[in-house]
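Each chain, written out:
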Amino acid sequence: MTKKQISSSVNKKMLAYDKLPNWKKYAFISAITLFFLALYISFFGIQAFFQQLVNGIQLGSIYALIALGYTMIYGIIRLINFAHGDLFMFGAYISCFLGNYLMAHNFRYPFIVVLIFSMVVTALLGMAIEKIAYKPLRFKPRLAALITALGVSLFLENFFALSPQNVPFPLNKIVFGPKYILFPALIAEKTYNIGGIAINNIKILIVIITIILMIALQYIVKKTMIGKAMRAVAFNKDACLMMGINIDKVISITFGIGISLAAASGTLYALTYGQLQSPYLGIWPGLKAFIAAVLGGIGNIPGAMLGSYVMGVSETFATSINSNFGYGIAFVILIVVLVFKPAGLLGKFTKEKV
Amino acid sequence: MKIIKNIFNLIKGYYKFILITALIYLLFQIFDGSIPIAPRLLTRYYMQIIMFALINIIMTVSLNLINGFTGQFSIGHAGFMCIGAYTSAYFTTILFKAANMAYFPQLALFIFSLIMGGLVAAFAGYLIGLPTLKLRGDYLAIVTLAFGEVIRSIVRSSDEIAAFLNQIGLVKFSETIAKISGPRGLSTIPNLSKFWLVYLITILSVIIMRNFIYSTHGRACLSIRENDVAAETMGIDTTRYKIIAFSLSAFFAGVGGGLFAHVLRFIHPNNFSFIKSIDYLIFLYAGGMGSITGSILAATGLTILPEFLRMINFQQWRMVIYPLLLIILMLRKPSGIFGNREFSFLIPKRKEVN
Amino acid sequence: MVLLELKDMCCYFGGLKAVEKFNTKIKKGELVGLIGPNGAGKTTVFNVITGIYPPTSGEIFFQEENIGGLPSHKITQKGIVRTFQNIRIFPTLTVLENIIIAYHFRTHYSILSGILRDDNYHQEEEEMSKKAMELLHLFDLHTYHMNPAGSLPYGEQRKLEIARALATEPNIILLDEPAAGMNPYETIKLMELIKRIKEKFGLTIFLIEHHMQFVMGICERIMVMDFGMQIAEGTPQEIQKNPKVIRAYLGE
Ligand SMILES: Nc1ncnc2c1ncn2[C@@H]1O[C@H](COP(=O)(O)OP(=O)(O)O)[C@@H](O)[C@H]1O
Ligand SMILES: [Mg+2]
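Calculation notes
- Residues numbered from 1 in each chain as written.
- Chains lettered and ligands numbered in written order.
- Predicted model: local features only at pLDDT ≥ 70, side-chain atom pairs only at ≥ 80, totals over all residues.
- Heavy atoms only, no water.
- Helix = DSSP H or I, 4+ residues; strand = E, 2+ residues; numbered from the N terminus.
- Rg over C-alpha atoms; globule rule 2.2 N^0.38 Å.
- Contact = heavy atoms within 4.5 Å.
- Lys, Arg positive; Asp, Glu negative; His and termini not counted.
- Charge placed at Lys NZ, Arg CZ, Asp CG, Glu CD.
- Buried < 20%, exposed > 50% of the residue type's maximum accessible area, 1.4 Å probe, protein only.
- Near = heavy atom within 4 Å.
- Polar contact = N/O pair within 3.5 Å; in protein donor to acceptor, adjacent residues only side chain to side chain.
- Donors = N, O, S within 2.8 Å, 3.2 Å for Na, K, Ca; no water.
- Pairing = 2+ DSSP bridges.
- Axes fitted to C-alpha atoms, helices over the stretch in contact; angles between N-to-C directions.
- Core = buried A, V, L, I, M, F, W, Y, C linked by side-chain atoms within 4.5 Å.
- Salt bridge = Lys/Arg side-chain N within 4 Å of Asp/Glu carboxyl O.
- Nonpolar A, V, L, I, M, F, W, Y, C, P; charged D, E, K, R; others polar.
- Patch = residues over 30% accessible without salt bridge, like charges linked within 9 Å, V, L, I, M, F, W, Y side chains within 5 Å.
- Areas by Shrake-Rupley, 256 points an atom, 1.4 Å probe, with all protein chains shown as cover.
- Parallel < 35°, antiparallel > 145°, perpendicular 65-115°, else oblique.
- Left-handed = near helix turned anticlockwise from the far one by under 90°.
- Phe/Tyr/Trp six-rings, centres within 6.5 Å; stacked < 30°, edge-to-face > 60°.
- Lys NZ or Arg CZ within 6 Å of the ring centre and 35° of its normal.

Q: So what exactly am I meant to see when it comes to the overall build of chain B here?
A: Helix and strand counts for chain B stand at 15 helices and zero strands. Here the C-alpha atoms of chain B give a radius of gyration of 21 Å, agreeing with the 20 Å that 2.2 N^0.38 yields for 354 residues. Overall, the C-alpha framework of chain B stretches about 70 × 55 × 55 Å when taken along its three principal axes. In chain B, the share of contacts with a sequence separation of at least 24, taken over all contacts with a separation of at least 6, comes to 78%. Across chain B, 30 positive and 14 negative side-chain charges occur, with their mean positions spaced 8 Å apart.

Q: Mind showing me how you'd approach the overall build of chain C here?
A: Check the secondary structure of chain C and you find 10 helices and 10 strands. Against the compact-globule benchmark of 18 Å for 252 residues, chain C has a radius of gyration of 19 Å, which places it among compact chains. Along the first, second and third principal axes, the C-alpha set of chain C runs to 65 × 40 × 35 Å. Burial status across chain C gives 57% buried among its 252 residues.

Q: For this particular structure, what's the right way to read unusual backbone geometry?
A: Glycine aside, negative phi is the norm for most residues, and most peptide bonds take the trans geometry. The phi angle at D8 of chain C is positive, at roughly 50°, despite the residue not being glycine. Non-glycine residue F227 of chain C carries a positive phi angle of around 45°.

Q: Help me understand the site of ligand 1, please; the structure alone is not making it clear to me.
A: Taken together, 13 residues are adjacent to ligand 1, and G39, K42, T43, T44 and Y53 of chain C come closest. Those residues lying near ligand 1 are distributed over chains A and C. Take K42 of chain C: an N or O atom from its main chain is 2.8 Å from an oxygen atom of ligand 1. At a separation of 2.8 Å, a nitrogen atom of ligand 1 approaches a polar side-chain atom of Y53 of chain C.

Q: What is the right way to read the coordination of the magnesium ion (ligand 2) from this model?
A: For a metal bound by four donors in a tetrahedral arrangement, the ideal donor-metal-donor angle is 109.5 degrees, while six donors in an octahedral arrangement ideally sit at 90 or 180 degrees. All names here are of chain C. Coordination of the magnesium ion (ligand 2) by the protein is provided by T43 (OG1) and Q85 (OE1), with metal-donor distances spanning 2.0 to 2.3 Å. Here T43, found in helix α1 (residues 42-49), pairs with Q85, found in the loop between β6 (80-82) and α3 (95-102); they are 42 residues apart in sequence, far enough to count as distant. Residue Q85 is classed as partly exposed on the basis of its relative accessible area of 32%.

Q: How do you make sense of the sheet that holds strand β7 (residues 172-176) of chain C when you look at a structure like this?
A: Strand pairing in a sheet relies on backbone hydrogen bonds. The paired strands run either parallel or antiparallel. All names here are of chain C. Read from one edge of the open sheet, six strands run β6-β7-β8-β3-β9-β10, paired in mixed fashion. Single-partner strands in this sheet number two, and they are β6 and β10 (229-234). For this sheet, the mean angle separating the axes of adjacent strands, direction not counted, is 20°. Direction of pairing for β7 relative to strand β8 (residues 204-208): parallel, over a ladder of five bridges. Directly across from D176, in β8, lies its bridge partner I208.

Q: Which parts of the structure should I look at to understand α3 of chain C?
A: Residue pairs three or four apart in sequence face the same way in an α-helix, which turns once every 3.6 residues. Most of α3 of chain C sits out of view: seven of its eight residues are buried. Those residues of α3 of chain C that sit buried are V95, L96, N98, I99, I100, I101 and A102 of chain C. For α3 of chain C, the secondary structure elements touched by its buried residues are α10 (216-226) of chain B together with α5 (119-138) and α6 (154-167) of chain C.

Q: Hey, could you run me through the nonpolar core in this one?
A: One broad rule of soluble globular proteins: the nonpolar side chains tend to lie buried together. Ranked by internal contacts, the top residues of the largest apolar core, which has 303 residues, are I267 of chain B together with V45 and F206 of chain C. Looking at this core element by element, the count peaks at 15 residues for helix α12 (residues 238-264) of chain B. Contacts of I267 of chain B, omitting those with residues within four sequence positions, involve A85, Y86, A89, G185, L186, I189, F260, A261 and F272 of chain B. Core analysis: the second largest hydrophobic core is formed by five residues, Y40, F49, V313 and F317 of chain A among them.

Q: Even after reading the chapter, I still don't get the interface of chain B and chain A, so can you show me in this structure?
A: When the parts of a complex come together, some accessible area is lost, and that lost area is often used as the size of the interface. Each side of the interface is counted separately: chain B has 44 residues, and chain A has 57 residues. Between chain B and chain A we count zero salt bridges in total. Viewed at the interface, chain A and chain B are joined by three residue pairs in polar contact (both at pLDDT 80 or more). Mapped by element, the contributors of at least two residues to the side of chain B that touches chain A are α5 (103-132), α6 (137-156), α13 (274-287) and α15 (318-332) of chain B. Take the side of chain B that touches chain A: its biggest share by element is 12 residues, from α6 of chain B. Residue composition of the side of chain B that touches chain A, by class: 32 nonpolar, four polar and eight charged.

Q: Please explain a nonpolar patch on the surface as it appears in this structure.
A: All names here are of chain A. Side chains of F28, I32, F35, F36, L39, F43, F44, I321 and F325 sit close together on the surface and give an oily, nonpolar patch of about 940 Å² of accessible area. Sorting elements by how many residues they give to the nonpolar patch places helix α2 (residues 22-44) first, with seven residues. Mapped onto the secondary structure, I321 falls in helix α13 (residues 301-321). Given the relative accessible area of 44%, I321 is considered partly exposed.

Q: How should I be thinking about the pattern of salt bridges in this particular structure?
A: A side chain of one charge can pair with a side chain of the opposite charge if their charged atoms are brought near each other. Scanning the model with the defined rule gives 17 salt bridges over all chains in all. Between E149 of chain B and R152 of chain B there is a salt bridge; the shortest N-O distance is 2.8 Å. Here R152 of chain B and E149 of chain B lie together in helix α6, a separation of three residues that amounts to about one turn. Using a relative accessible area of 3% as the deciding quantity, one classes R152 of chain B as buried. In this structure, E220 of chain C engages K198 of chain C in a salt bridge whose closest nitrogen and oxygen atoms are separated by 3.6 Å. Note that E220 of chain C is positioned in the loop between α8 (212-218) and β9 (221-226) and K198 of chain C in helix α7 (residues 184-201), a separation of 22 residues in sequence.

Q: Sorry, what's going on with the packing of helix α3 (residues 46-77) of chain A against helix α11 (residues 247-273) of chain A here?
A: Each packed pair of helices is defined by two parameters, the angle between the axes and the distance between the axes. Residue and element names in this part refer to chain A. Look at α3 against α11: their axes get within 9 Å of each other, and the N-to-C directions meet at 165°. The orientation of α3 relative to α11 falls into the category roughly antiparallel. At the point where α3 passes α11, the crossing takes the left-handed sense. Among the residues forming the contact of α3 with α11, the class breakdown is 20 nonpolar, six polar and no charged.

Q: Could you clarify how one ought to interpret the sheet that holds strand β1 (residues 2-13) of chain C in this entry?
A: Residues and elements named next belong to chain C. Taking strand neighbours across the sheet as the criterion, the four strands line up as β2-β1-β4-β5 in an open arrangement whose pairing is antiparallel. The strands lining the two open edges of the sheet, one partner per strand, are β2 (16-27) and β5 (65-66). Across eight bridges, β1 lies against β2 in antiparallel orientation. Opposite L4, over in β2, you have I26 as the bridge partner. Sheet contacts for α1: β1, β2 and β4 (57-62); angle to β1, the most-contacted strand, approximately 115°.

Q: What's the story with the packing of aromatic side chains in this structure? I'm lost.
A: Aromatic ring pairs are defined here through the distance separating the ring centres and the angle between the ring planes. Applying the stated rule across the entire model yields 41 aromatic pairs over all chains. With a centroid separation of 6.1 Å and an interplanar angle of 35°, the aromatic rings of F90 of chain A and F176 of chain A are classed as tilted. Separated by 86 residues along the polypeptide, F90 of chain A in helix α4 (residues 84-104) and F176 of chain A in the loop between α7 (169-172) and β1 (181-182) bring together distant segments of the chain. Each member of the pair F90 of chain A and F176 of chain A is classed as buried. Members of the aromatic cluster, each reached through a chain of ring pairs, are Y70, F82, W284, F290, Y327 and F331 of chain A together with F274 of chain B. The residue whose ring lies beneath K131 of chain C is Y103 of chain C, and the NZ or CZ to ring-centre distance is 4.6 Å. The side chain of K200 of chain C reaches across the aromatic face of F201 of chain C, ending 6.0 Å from its centre.

Q: Looking at this structure, I do not really get the side chain of H268 of chain B. What am I missing?
A: If you trace the backbone, H268 of chain B turns up in the loop between α12 and α13. A distance of 2.9 Å separates a polar side-chain atom of H268 of chain B from the backbone oxygen of P183 of chain B.

Q: Please explain the environment of E192 of chain C as it appears in this structure.
A: All names here are of chain C. Mapped onto the secondary structure, E192 falls in helix α7. Classification of E192 by relative accessible area gives partly exposed; the value is 45%. It is 30 Å that separates the C-alpha atoms of E192 and I60, two residues lying 132 residues apart in sequence.

Q: Mind showing me how you'd approach the packing of helix α3 (residues 44-69) of chain B against α12 of chain B here?
A: Residue and element names in this part refer to chain B. Here α3 crosses α12 at 170°, and the two axes come no closer than 8 Å. By the angle between their axes, α3 is roughly antiparallel relative to α12. Counting all contacts with α3, which are made through Q48, M51, F52, I55, I58, M59, S62, L63, L65 and I66, the residues of α12 involved are A245, F246, L248, S249, F252, A253, G256, L259, F260, V263 and L264. A breakdown of the residues in the contact of α3 with α12 according to their chemical character gives 17 nonpolar, four polar and no charged.

Structure representation (structure tokens):
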């Protein structure tokens, strides 16, 4: 095939897929997924399958919370907030410190307090970052803001990885140090064995909390005044200015919400693994979650959730076969999807108005 | 004869350029002790850093070709570098034992391996560019990122691939692949990247890319950056030129990777992660998109700066200061240090017309 | 001789019928106008002719060849070129480079020649510069030739866009609101310029314009659109008297 034939056939496939009604798209995606899952079952057995599915949903939930923030922020200011993964890390560390403190003082319900506290503090940090680093660049070339986001990301990682003994007084109380630390057991782990599948209460809790937060988010975006304002700002900033909507405030709140979700995800992540490796731990979950957001169609909230679960589940399945495969699968899926569906699974491909 | 005339033409336009580069070369020769008229300031270690700076110049200028001059947004440049590094090391280390060769065959083999590295990378760029260059802005970015990571995980799975090949009967091939030893890194790469060679290849690469930009083909790329719809209506096949720019850029990234492998003499897939791609993005944007001068100076400066901070015992802080400087730079000068200006000796002469 | 013929050309965006069954024939050397209220679908007609959007249905013949659905650059290379309602020059390139880019598809030297800067390169580059400067002289833009195009005053940018379009050496040129944003003096100058280039290059011109004086002043034939439909066609005098047109403009 010549180049032209390939690109035009690719084009035709894109169009063919685009024209399908939504339910057919879901059916198409599900069919492919089912095929691979059936393949997996035939090789590894049904029990391994369900075990991986449970693990995958757990991982997907962690990705989903990060991806939602990514997608919201992208939707509203078209910025890939590379620092998102690092705020996820920050949230995890904050809960670790507070958790240790509360556990030492025999506090009754440490987990929920820790979760909320970490969400609030991280959101405040995120909003401050937005004010200082992103806001001045709002009407500058978009790439400048992107590079700034990269800078913020590098800064957060490397700053918090400084060792306290090498840092002068006030700062040594803030930095986390480069070594791994244990995360307190805020919830006593109980494992249930259901038909040979190990499910523990933490996994269940993670999924429940994720669902609650997603519902809350949907409610905020769809039903409240601020949610409407968010959608309006995402749609057309100039019109919002004329309508007297306070854009700065709306963007700031969007950051706050998006980043608090990342912090929640960080806390849940830390709870799952029981330790924090280093302040660099946010890089890869952040990247994977971003890819999940793109996979689903960036700027699209249900898309971010779908993408995250697709990614989480496929990653756990692939990892159980081979760890390198597990690492690469996310990217392979992404490339394949974008080649055939340039705007992601649920995104709409809009042609530029000329 | 024609070739000689062309080479003569090539030199004719560049006397200033050649003078400056020769002078810089002479200075290096003096200070690294090769011409013993001054104290030896540059130890082997520093010369190695300078060679990395040169390689980073190739990498940054080639990234500029896509991001700065063609206005596309690629963030997986390290993937092409990885391909180049492994391809050239494959020729010099695995297929032939360059270490046991005489000087000239060794040099010839090395140059051949670099070109092969470039070509394989360019071909990969072509393959990935074909379906994805139709994607808009951030989607393209994320595909390039994913591509880089896929390459890395393929290299990391070299053992599994070798085992698989062995199983299906390709024993010979399997043995060679096994020698890549992906997860452990490829060592014993011969020390072929001599300073003069790296220096010469850097200059040649920069000149070739610059001449491309200042030709009608380069202008076609510029017009895509400026306004792709208008470029199309001026009769420019924008997809074709995007692919050309992408492949050319990948070629030089591959060459840079080959040089890199033979300076470091040990390569591991982790050398070419997303984080490395981000480094090049930072060099590029700090210097200024669309400015070769900016790329050269920023690549040099930002390679040396962390080392300098290390030297003055800022070891701990260097990775904190570096992103902070970047953020400040972006806030103060969003178009980078040089914007899209050039040193005059980098702009080729053209006949003045009225 | 019929140069451009549109047969039942349609363009829909989802449910929106931006252009519905557009029919016309444009003969060589004609100067035809297209008018209609905002959002009538005029720009979309141009977008479909020049391949920016594929036609939803219908056919487009240029010199008896069906060009419907060809990519934009192919259409330009065949001899149809356009300007844009919202100016689309190459803002950070110089005025001269803006013009030279239009010669790109007529150059022959290879990428390798460009990298080696051999004789072919120098010869063609020089020729292009020379031709471009001549064109700039014609448009009175030569004094700016080394300035970035984005730094030009608005009216000059419009002129530059027309000059750039001409540089592709087209048979027909589509001008989308060339006088938009110009003051009356500039508008008159532009009318003269358009007439002059039409004579000089033997061009066929198809233009969209809101400015009634402008359209009535230079067009030989006018088409009127409303809500994607073609509602009238005729000489300026006929159009001015057409009750449908009056209704479209003034409302019921
Ligand atoms: N790319 C597009 N996507 C969706 N709708 C479009 C697009 N381009 C134009 N339209 C719609 O088509 C209609 C006609 O637009 P246009 O041709 O620009 O009108 P005119 O040039 O006559 O003012 C408008 O309602 C416009 O919103
Ligand atoms: Mg219009």
